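Examination of the molecular architecture
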Amino acid sequence: MTAMFDQELREQLARAREELAAARTDQDADGVQAYEGRIAGLLRLAAQHGITLAHTADEAQG
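These notes cover the structure that comes with them. None of the values given here were measured: they were computed from a predicted structure. (Residues numbered from 1 in each chain as written. Predicted model: local features only at pLDDT ≥ 70, side-chain atom pairs only at ≥ 80, totals over all residues. Heavy atoms only, no water.)

1. Let's talk about unusual backbone geometry
Even without glycine at this site, Gln-27 takes up a positive phi of about 55°. Within the secondary structure, Gln-27 is located in the loop between α1 (2-25) and α2 (29-48). (Helix = DSSP H or I, 4+ residues; strand = E, 2+ residues; numbered from the N terminus.)

Set out below in structure tokens:
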């Protein structure tokens, strides 16, 4: 179960990063804010479960 959870978090993080990049390209301020929050939330969830995910300092602050 833990490996599946880890993989799912990684996949969701990758999707959120892609959507964030698209929102930035589209100059969608609301989308940028939403995906920055999504990324920060996923990183917090991972940390709560002892899963280390590579991230920037900006991503962690969301």
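The discussion continues.
2. A look at the environment of Met-4
Relative to the helices and strands, Met-4 is located in helix α1. Overall, the relative accessible area of 63% leaves Met-4 in the exposed class. Distance from Met-4 to Arg-44, taken between C-alpha atoms, is 17 Å for residues 40 residues apart in sequence. (Buried < 20%, exposed > 50% of the residue type's maximum accessible area, 1.4 Å probe, protein only.)

Keep in mind these numbers describe shape, not what the thing actually does.
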